Amino acid sequence: QALAAHQIVLTTASLTFMVTLGIASATGVLVGQAMGAKDYNLARRNGWQGIGLGAGFMVISAIFLLLFPDIILRLYTPDVEVITIAKQLLLLAAFFQLADGVQSVVTGALRGSGNTKTAAAVNLVGHWFIGLPIGLYLSFTRGLGVRGIWMGLTTGLVVVAISLLIAWKFRSRHLEGISVDPSQITF
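Predicted, not measured: the structure shown is a model, and the values here were computed from it. (Residues numbered from 1 in each chain as written. Predicted model: local features only at pLDDT ≥ 70, side-chain atom pairs only at ≥ 80, totals over all residues. Heavy atoms only, no water.)

1. With respect to the overall build of the protein chain
The cut-off we apply is this: Helix and strand assignments come from DSSP, with helices taken as H or I runs of at least 4 residues and strands as E runs of at least 2, each series counted from the N terminus. Burial status follows relative accessibility: with a 1.4 Å probe on protein chains alone, a residue under 20% of its type maximum counts as buried, one over 50% as exposed, and anything between as partly exposed. The criterion used for residue contact is that any of the two residues' heavy atoms lie within 4.5 Å. When charges are tallied, Lys and Arg are placed among the positive residues and Asp and Glu among the negative ones, while His and the ends of the chain are skipped. Think of each charge as sitting on NZ of Lys, CZ of Arg, CG of Asp or CD of Glu.
Across its full length, the protein chain holds six helices and zero strands. Put simply, the protein chain runs from its N terminus to its C terminus through helices and strands in the order α-α-α-α-α-α. For the protein chain, the C-alpha atoms occupy an extent of roughly 70 × 35 × 20 Å along the three principal directions. For the protein chain, with 187 residues in total, the buried portion stands at 41%. Across the protein chain, the fraction of contacts at a sequence separation of at least 24, relative to all contacts at a separation of at least 6, is 78%. Within the protein chain, the 7 negative side-chain charges are centred at a point lying 7 Å from the centre of the 12 positive side-chain charges.

2. Some points on the pattern of salt bridges
Using the following cut-off: Take a side-chain nitrogen of Lys or Arg and a carboxyl oxygen of Asp or Glu: if they are within 4 Å of each other, that pair is a salt bridge.
Per the stated rule, a full pass over the model turns up one salt bridge. Between K87 and D70 there is a salt bridge; the shortest N-O distance is 2.8 Å. Of this pair, K87 sits in helix α4 (residues 80–112) while D70 is found in helix α3 (residues 69–74), placing the two residues 17 residues apart along the sequence. Overall, K87 belongs to the partly exposed group, its relative accessible area being 35%.

3. Looking at the confidence of the model for the protein chain
Just so we agree on the cut-off: As a per-residue measure, pLDDT tells how confident the predictor is, with possible values from 0 to 100.
Model confidence for the protein chain is summarised by a mean pLDDT of 92, while 94% of its residues fall at 70 or above. In the model of the protein chain, helix α6 (residues 146–176) stands out as the element of lowest mean pLDDT, 93, in contrast to helix α5 (residues 117–141), which has the highest, 97.

4. Examining a nonpolar patch on the surface
As a reminder, the rule being used: Exposure above 30% relative accessible area and the lack of any salt bridge qualify a residue for a patch; like charges then connect within 9 Å, and the nonpolar side chains Val, Leu, Ile, Met, Phe, Trp and Tyr within 5 Å. The Shrake-Rupley method, run with a 1.4 Å probe sphere, supplies the accessible areas, and residue values consider only the shown protein chains as cover.
The grouping of V59, I60, I63, F64, L67, F68, I71 and L98 at the surface amounts to a nonpolar patch, some 750 Å² of accessible area in total. Looking at which element gives the most residues to the nonpolar patch, the answer is helix α2 (residues 40–67), with five residues. If you trace the backbone, V59 turns up in helix α2. Note on V59: relative accessible area 38%, which makes it partly exposed.

Now the structure itself:
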């Protein structure tokens, strides 16, 4: 039942994540185009707008997960025990929706600005060195089972999202300070 609940909630969270993944790709392209045109203020603005759009969508997703858990879960299974476990996980998934969307879109903005290493390093540390150990500890040492794994995942996602937002804030401030003489732009 725990594995079934895990799979149902993971599938549901992945569905909402796909929207922000698309927003992340579009944000990366728009930031990259603005960078190529040496319009750094537009690059910065496109990055922040993409982050806002992704965050807004994920807040709406979280609200739906919180308000309609029975309807969502019954789309997958009629098993009452699986639904009971999945409701607990869906609450955690609702909590990390914002962090998951933000980290995805910020990664796209950073890529578009030419910074690919920061997101890779932050994800490595946030998920493998923070989220996974916390999840394992809560799951096996504290006896929380699958909920402990999801708490670790949630912690990792929040750490990654906050860290990447800070990285984008510094990157976008750097972009704001760059001025370009339009006569020096060549095509």
